[in-house]
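Architecture and fold: a report
Letter by letter, the chains look like this.
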Amino acid sequence: MCKLLSIHRTKWASFILLLCFSGFTSAQLVKNIEEFNQAVKQVQPGDTIVMANGVWRDVELVLKAQGQQDKPIKLTAETAGKVIISGQSNLSFSGQYIIVEGLVFKDGYTPTGEVIAFRTSLDDLANHSRLSNVVIDNFSHPERQLSDLWVAVYGKHNRIDHNTFINKRNRGVTFAVRMNSEASRKNYHVIEYNYFGPRQVLGANGGETLRIGTSHFSREYANTLVQYNYFDRTNGEHEIISNKSSGNTFNGNVFYETQGTLTMRHGHYTKVENNYFLGNRKPNTGGIRIINEHQTVNNNYLYGLTGHRFRGALVIMNGVPNSPPNRYDPVIESEMNNNVVIDSDYIQLGAGADEERSAPPTSSKMHNNIIMGKYNQNPFTLFDDMSGISFNGNIINEDANNPLKSGFNKVPYSVHTNRHGLKVPDQALLDKINFGKVKLPVSKAQTGASYYPKKDSQIAFASGQKIKVKAGVDTLVDALKHSQPGDVLVLENGGEYLLTRFANIHHPITIKAQAGKKPIIRSEKPSFIVIENGGALELENLWFEGRESPDYKGNSVIRTSRYSMNINYSLSVRNVKVTDLDVNGYFYFFKAHAGTFADSIKIVDSEMRNITGAILELNKETDDLGVYSVENLTLSGNTFADIKEEVATVYRGGFDESTFGPMVTVTNNRLINVGTGKTHRTGASMYFHGVQKLHISDTEWTDSAPLELYLTNGEPITVIEDITLKGTPKIRANKPDFKTKNIVYQ
Ligand code: CA
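Attention shifts here to the overall build of the protein chain. Helices and strands together make up the secondary structure of the protein chain, namely four helices and 71 strands. Reported as C-alpha extents along the three principal axes, the dimensions of the protein chain are approximately 85 × 70 × 50 Å. Across the 746 residues of the protein chain, 61% fall into the buried class. Put simply, 74% of the contacts in the protein chain that link residues at least 6 apart link residues at least 24 apart. Carbon and sulfur atoms make up 48% of the accessible area of the protein chain, which totals about 28200 Å². Positive and negative side-chain charges of the protein chain, numbering 80 and 76 respectively, have mean locations separated by a distance of 4 Å.

Okay, here's the thing in structure tokens:
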């Protein structure tokens, strides 16, 4: 019989009539969690539970139901996109033939480890069910290092399609296929047409976007199909996809400017075909990495990928002989054929070779690939004996150096843009390898929830209004309070600004003065400026002075929040003068607290003098788990004089290999009497621990403490060139694995 409860609207009435005539089922509108629970208790095959439009705050939705193949049970929104689940909320469901659609999760986080779970208890799993047209947007726990999953798929034969997952900001895989029990293996799930939108750099392991299996069950079969999904700048860590089980297929997916790779971390018999990787020459963009046996990587298109080492365009790793499940099975009987690689820098064979990973690939093939590159003419790196891979029919541009002696035909570099906007080699070459049409297998518009925009959430500096701020007491604090994201606060040239309260930054903001005499800023608080979660700060043509600061140790001009910030920030300092931070000891220019992460910190063309602490203190992540505080750090064109501690101290401890940073560039600076304070703890003028990319050039030290390096794993690239050390000890380092050129001692 038809049950009509709480239905008033005519459009629903007609919908329900239709359902009634077609199969004696009901659609029930529920307006709160009690009505939802009541409806769940009574739900019959073919029924629909309709959640009323509006905000559902702090709800844990549990749906246990048994639908039938021809009478599925639906959980849906009154209007797709108008049901907002927020606060501490989640959804779990189990049974069979259940369809969940049209819901939006935002402005909250899950109180458990999962936002959407295809199970309601360890044994109650969802089978033959579907999640469709659902959004999870920044439903992130405020503690950035606290881990949770947004979607955890259990059971078998589930379909997850046309969903939007964007802005996961805390640790934890965005989307995981779980295989803890037999009932979740050989699952034949289909994951398709989803939009995996931007995910910020996590700065730690645990930022994967899609994972299938775990190392415990890696030799089990999942048989999951992942097709026609769009991965848009999913930059959490170096594994975009972490395949950790056997028998999975990745077909026709698009990876747009994603930092990292599709990694066959564990499991065998994986197929990776017809996928498109568009790096567009963005940093750390990678392609496909093979580990394990019987892997097939065919007919993929890779353009403009710049990643090196494990993040190369094509990577085949060395394995561990008799590897335990959580390490690296050697590559056996795998193939990488008919791929098109354009303007991508690195193809790495035998990557990761070391004492432990000593087994090179065997019985494998690399045939009929096209490799055309104009940026790096040494695209191949061989880390071990590659005689276990047969090379045949490959095509490479003639100016490239190739350590592989046979199996390659040289042709002139020739690349043009085809009518689909993609860079392609000459058609005759594509025909030769039978590649077919070079065209994206799926567009961004074809993926994700139909109603949800795919716009960027990041607001650029100086994209808002210009607001004049008069000199005086707390005028700057007031202006900040009334500012909008992207605004520019323009201070008076030569004006004096006193802060008697913290200047809190809650969104991207620029504080500057026009060219001319710098305004001077002083503060009576222990910190002048505090970057809070969501904040980002750009400073230009200003003067900070410590004269009015309190007479205690540990002041700072700028610091981050003391609490976890789950949104990455950036700090840009240009043409700024900082003087006399000396009212007491350990006065810092900038201090990053633990649980915060900067995409970038820049100090350019600035002058900083007479400071009792450090300029940049980025060493508060001390757990040695590969967590750190800044991705890109640049110091360029500055003078630092009479600084008791370091100009910069950056710390990334531990042996984790899942991240790119920190990356540090120091160029064209002068250091005079830096790092020589009597109570200075490291006794260095700059201290870089575990930095993955360090380039120091054209910099002069005078009467300063030494530069100190602590090199860890991950094959860090460390280059120090054209520097002068006057009255300054030579570089201190834990090991000599770095390049130096033209170091002048005076
Ligand atoms: Ca990882």
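Turning to the nonpolar core, a few remarks are in order. Side chains that are nonpolar tend, in soluble globular proteins, to be buried together. Residues L103, F105, I116, F118 and F175 are the most contacted members of the largest nonpolar core, which totals 83 residues. When sequence neighbours within four positions are dropped, the list of residues in contact with F105 reads I85, N90, L91, V115, I116, V134, V135, I136, D137 and F139.

Within the protein, the atoms that donate to the calcium ion are N205 (OD1), E208 (OE), E237 (OE), E237 (OE) and E239 (OE), at distances of 2.4 to 2.6 Å. All donors to the calcium ion come from one chain, and their sequence spacing reads N-x2-E-x28-E-x1-E. Assessed through its relative accessible area of 29%, N205 is described here as partly exposed.

Buried residues of helix α2 (residues 33-42): F36, A39 and V40, and no others. In an axial view of α2, the angular spread of the buried residues amounts to 105°, which keeps them on one side of the axis. Projecting away from the buried face of α2 at angles above 90 degrees are the exposed residues E34 and K41. As for α2, its buried residues are in contact with β1 (27-30), β2 (48-51), β3 (54-57), β4 (60-66) and β5 (73-77). One side-chain oxygen of the residue at the start of α2 lies 3.1 Å from the amide nitrogen of E34, identifying that residue as N32.

For the rest of this paragraph, the subject is the environment of G307. Its place among the elements puts G307 in the loop between β31 (301-303) and β32 (314-317). Sequence separation between G307 and G585 is 278 residues, and the spatial gap between their C-alpha atoms is 43 Å. Not counting residues within four places of it along the chain, the set of residues in contact with G307 comprises N284, T285, G312 and Y346.

This brings us to the confidence of the model for the protein chain. Residues shown with low pLDDT carry predicted positions that ought not to be read at fine detail. Confidence along the protein chain averages 95 in pLDDT terms, with 97% of residues attaining 70 or more. When the criterion is pLDDT under 50, residues 1-23 qualifies, and its contacts beyond four places in sequence or with other chains add up to 28 contacts.

Note the cis peptide between G661 and P662, where omega equals -5°. By the secondary structure assignment, P662 is in the loop between β63 (648-651) and β64 (663-667). Positive phi values are uncommon outside glycine, yet D698 reaches one of about 45°. A residue is classified by how much of its surface remains accessible, and D698, at 45% relative accessible area, is partly exposed. One non-glycine residue, D703, adopts positive backbone phi at about 45°. As for its position among the elements, D703 is in the loop between β67 (693-702) and β68 (707-710). Relative accessible area serves as the criterion here: at 47%, D703 is assigned to the partly exposed category.

In this structure, β64 lies alongside β67, joined through five bridges in parallel fashion. Residue pairing for β67: V666 is matched across the bridge by I696. Strand direction decides the pairing type here: strand β65 (residues 670-674) and β67, joined by three bridges, are parallel. Among the inter-strand pairings, L671 is bridged to a residue of β67, identified as W701. Summarising the sheet, β67 and strand β69 (residues 717-726) pair through nine bridges and their orientation is parallel. Residue K693 lies in a different strand from β69, and its bridge partner there is I717.

Thresholds applied
Each chain carries its own residue numbering, running from 1 in the direction its sequence is written. Local features in this predicted model are restricted to residues of pLDDT 70 or higher, and side-chain atom pairs are both shown and tallied only at a pLDDT of 80 or more, whereas totals for entire chains, interfaces and linings draw on every residue. Computation of side-chain values covers all heavy atoms of the structure but excludes hydrogens and water. Segments assigned H or I by DSSP are reported as helices when at least four residues long, segments assigned E as strands when at least two residues long, and all are numbered from the N terminus. A 1.4 Å probe rolled over the protein chains alone gives each residue an accessible area, and that area as a share of the maximum for its type sets the label: buried under 20%, exposed over 50%, partly exposed in between. Here, two residues are considered to be in contact whenever any of their heavy atoms come within 4.5 Å of each other. Reported accessibility uses the Shrake-Rupley method at a 1.4 Å probe radius. Residues are deemed covered only where the shown protein chains occlude them. A residue counts as positive if it is Lys or Arg and as negative if it is Asp or Glu; His and the chain ends are not included. The atoms used to mark charge sites are NZ of Lys, CZ of Arg, CG of Asp and CD of Glu. Side-chain atoms within 4.5 Å link the members of a nonpolar core, which is a set of buried Ala, Val, Leu, Ile, Met, Phe, Trp, Tyr and Cys residues. Note that water is not among the atoms considered, so a metal site may appear incomplete; the donors listed are N, O and S atoms within 2.8 Å of the metal, with 3.2 Å applied to Na, K and Ca. The reported arc concerns the directions from the helix axis to the C-beta atoms and nothing else. We define a polar contact as two N or O atoms separated by no more than 3.5 Å, with the added condition that, inside protein, one atom must be a possible hydrogen donor and the other a possible acceptor, whereas residues neighbouring each other in sequence contribute only through side-chain atom pairs. In predicted models, pLDDT denotes the confidence assigned by the predictor to each residue on a 0 to 100 scale. DSSP bridges decide pairing: two strands pair if at least two such bridges lie between them.

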